[in-house]
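Residue strings, one per chain:
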Amino acid sequence: MMKENISIVILAAGKGSRMKSNKAKVLHSISGKPMLYHIIKESLKISDDITVVVAHQKEAVIKEISSYFDNINFVTQDANKFPGTGGAMMNVEPKNDKVLVLNGDMPLITAEALHGFLEIQADVIMSIFDLENPDGYGRVIIRNDRVEYIVEQKDADEAELNTTTVNAGIYAFSKVILERYIPELSNDNAQKEYYLTDVVAMVKEEEGTVVPILVDEEHFKGVNSKKDLADSEVIMQRRIRNRWMQAGVTMQLPETIYIEEGVAFEGECIVENGCRITGNSHIINSHIKAGSVVEDSIMKNSDCGPMAHLRPLSNIENTHIGNFVEVKKATLKGVKAGHLSYLGDAEIDEGTNIGAGTITCNYDGINKYKTIIGKNVFIGSDSQLVAPLTIEDDVMIAAGTTVTSGTVEKGSLALSRTKLKTIKNFYYKFFGKK
Ligand code: UD1
Ligand code: MG
């Protein structure tokens, strides 16, 4: 998409009290990234002049967003003196003559969906949609096919409340209009706030042009509550899954699969029902079986699950991870770990078999230590590998062994067991004969 001669202002300074949370609303996450991240990502496809207005939890918002993008202008709203979406516009200085204003709580917006705002020329272009349940939105009052004004829910009378045409919260203004009317806003309303939406009536009053664009909730839904957040997540997840299925990923019961924004697939991949794949996971020619969780990990030519857990920074290649195996910060190349194991802070090399119930004891209560296992090692079932530990190539660890030696030399057998004792007929002495 071509970058346009348009500036974009994203309003992200509000408290978001309806979220009932200490976290700034725009930082609540959709598919693993803050709502504001999604909006900025799409905005950057249209413009290089992006301003984000901050106030509430300003430092946290700036810090988080700066970790993803480095070319954003942050402007602080004087939210005590001038609260509200109009107050948010008071300190912005857009570079271009046309200014697109986006609410920061609209994570589903896409650059394509904003196309109409770039095409049309008017004093104000605004977004509207019709909703069966308009609750929470500002109502748009239209007479003779013309927008007259926007009234906020809290200020609306009964007739206005029954209006199902609502303000979606995206506008394109000419800069001249903003410079003229923003300083004239008043806070004479139920919330004692300066409403950006009042500019519409002011422009109308002086015979300016206000053009409404009918938009869809699928892209323009606002998030004010945890319920809205969950509903938006459903839409975003559907998009992410569809994108990957189009790219060739096989998904069984896709509606039950959660995939975050930063995940990438390559080659032939299968994801079974009920899986969760997060962070910057990179899945190449692999099969993730039912109920598995893969977090910020790399899988190449491998399979895991059902019910496996790859925790952050796991890197598995040509490897089989079976059910109830947890892997954390471990690199496994050409390994089989079929059942019930914990493999953390480890490096395990080709041809090695990890028996059921094997545990890397990586933590002594204060520090974490590494386990390094060489090639063609056979770890018997129910072994505890106490780190720091190096097991060299061609080693056998007998079932039930606790390895504490620090190093097991190439070619050896390690075995720690108490000698088995059997007492004849003990069972009958203890329980009596039936
Ligand atoms: C706003 C609109 C409403 C519209 C709805 C669409 C106004 C007055 N109302 O209502 O007509 O139907 O969006 O979703 O604009 N913000 C600031 N500073 C503030 C207050 C808010 O930057 O002082 C930011 C918020 O962080 C948020 C956005 O502006 O990202 C919208 O604020 P919010 O409180 O959610 O407005 P709504 O009540 O949803
Ligand atoms: Mg809102």
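Residues numbered from 1 in each chain as written. Chains lettered and ligands numbered in written order. Predicted model: local features only at pLDDT ≥ 70, side-chain atom pairs only at ≥ 80, totals over all residues. Heavy atoms only, no water.

**Points about the overall build of the chain**
So, step 1. Counting its secondary structure elements, the chain contains 9 helices and 37 strands.
So, step 2. For 434 residues, the compact-globule formula gives about 22 Å, and the C-alpha radius of gyration of the chain, at 30 Å, lies well above that figure.
So, step 3. Along the three orthogonal principal directions, the C-alpha set of the chain runs to about 100 × 55 × 40 Å.
So, step 4. Buried positions account for 48% of the 434 residues belonging to the chain.
So, step 5. A fraction of 44% describes how many contacts in the chain between residues 6 or more apart in sequence connect residues 24 or more apart.
So, step 6. When the accessible area of the chain is evaluated, it comes to approximately 21,300 Å², of which 49% is carbon and sulfur surface.
So, step 7. In the chain, 48 side chains carry a positive charge and 59 a negative one; their mean positions are 12 Å apart. (Helix = DSSP H or I, 4+ residues; strand = E, 2+ residues; numbered from the N terminus. Rg over C-alpha atoms; globule rule 2.2 N^0.38 Å. Buried < 20%, exposed > 50% of the residue type's maximum accessible area, 1.4 Å probe, protein only. Contact = heavy atoms within 4.5 Å. Areas by Shrake-Rupley, 256 points an atom, 1.4 Å probe, with all protein chains shown as cover. Lys, Arg positive; Asp, Glu negative; His and termini not counted. Charge placed at Lys NZ, Arg CZ, Asp CG, Glu CD.)

**Overview of the site of ligand 1**
So, step 1. Residues in close proximity to ligand 1 total 22 residues, the closest being Leu11, Gly84, Thr85, Glu152 and Asn167.
So, step 2. Contact between ligand 1 and Arg18: an oxygen atom at 2.9 Å from a side-chain N or O atom of the residue.
So, step 3. Gly104 places a polar main-chain atom, nitrogen or oxygen, 3.0 Å from an oxygen atom of ligand 1.
So, step 4. Summarising the interface, the protein chains cover 91% of the accessible area of ligand 1, which totals 760 Å² for the free molecule. (Near = heavy atom within 4 Å. Polar contact = N/O pair within 3.5 Å; in protein donor to acceptor, adjacent residues only side chain to side chain.)

**Regarding the state of the cysteines**
So, step 1. Counted under the stated rule, the structure contains 0 disulfides.
So, step 2. Between Cys269, a free cysteine, and Cys304, which holds the nearest cysteine sulfur, the sulfur-to-sulfur gap is 11 Å.
So, step 3. Free of any disulfide, Cys275 has its nearest cysteine sulfur in Cys304, 7.0 Å distant. (Disulfide = S-S within 2.5 Å.)

**Examining unusual backbone geometry**
So, step 1. Residue Gly305 is joined to Pro306 through a cis peptide bond whose omega torsion reads 0 degrees.
So, step 2. Take Pro306: it is sitting in the loop between β21 (303–304) and β22 (309–310).
So, step 3. Cis geometry marks the peptide bond from Ala387 to Pro388, where omega comes out at 5 degrees.
So, step 4. Of note, Pro388 is situated in the loop between β32 (384–386) and β33 (389–391).
So, step 5. With a phi angle near 40 degrees, Asn285 is a residue other than glycine that sits in the positive phi range.
So, step 6. Along the chain, the position of Asn285 falls in the loop between β17 (282–284) and β18 (287–288).
So, step 7. The residue Phe324 is not glycine, and still its phi comes out positive at about 60 degrees.
So, step 8. Relative to the assigned elements, Phe324 resides in strand β24 (residues 320–328).

**Focus: the nonpolar core**
So, step 1. Counting residues in each nonpolar core, the largest one holds 50 residues, and the members touching the most others are Phe265, Ile277, Ile321, Leu332 and Ile391.
So, step 2. Looking at this core, the elements that each hand over two or more residues are α8 (226–246), β24, β26 (335–344), β27 (346–348) and β33.
So, step 3. The leading source of residues in this core is α8, at 5 residues.
So, step 4. Here this core gathers at least three residues from each of two domains, domain 1 (7–214) and domain 2 (226–414).
So, step 5. When near neighbours in sequence (up to four residues on either side) are disregarded, Ile391 contacts Ile372, Ile373, Gly374, Val377, Ile379, Leu385, Ile397 and Val408.
So, step 6. Grouped together as the second largest cluster of nonpolar side chains are 40 residues, Tyr37, Ile40, Val54 and Leu100 included. (Core = buried A, V, L, I, M, F, W, Y, C linked by side-chain atoms within 4.5 Å. Domains from an automatic or database assignment.)

**Thoughts on helix α1 (residues 35–43)**
So, step 1. Of all the 9 residues making up α1, 8 are buried; the element is thus mostly covered by neighbouring parts of the structure.
So, step 2. Buried residues of α1: Met35, Leu36, Tyr37, His38, Ile39, Ile40, Glu42 and Ser43, and no others.

**Quick look at the coordination of the magnesium ion (ligand 2)**
So, step 1. Looking at the metal site, the magnesium ion (ligand 2) is ligated by Asp105 (OD) and Asn224 (OD1), spaced 2.1 to 2.3 Å from it. On the criterion of sequence distance, the pair formed by Asp105 in the loop between β6 (98–103) and α3 (115–119) and Asn224 in the loop between α7 (217–220) and α8 is long-range, its members being 119 residues apart. By the burial criterion, Asp105 is buried, and Asn224 matches it. (Donors = N, O, S within 2.8 Å, 3.2 Å for Na, K, Ca; no water.)

**Looking at a nonpolar patch on the surface**
So, step 1. Taken together, the side chains of Ile423, Phe426, Tyr427, Tyr428, Phe430 and Phe431 present a nonpolar region at the surface, about 700 Å² in accessible area.
So, step 2. Tracing the backbone through its elements, the reader meets Tyr427 in helix α9 (residues 426–431).
So, step 3. Take Tyr427: its relative accessible area is 45%, and that puts it in the partly exposed class. (Patch = residues over 30% accessible without salt bridge, like charges linked within 9 Å, V, L, I, M, F, W, Y side chains within 5 Å. Salt bridge = Lys/Arg side-chain N within 4 Å of Asp/Glu carboxyl O.)

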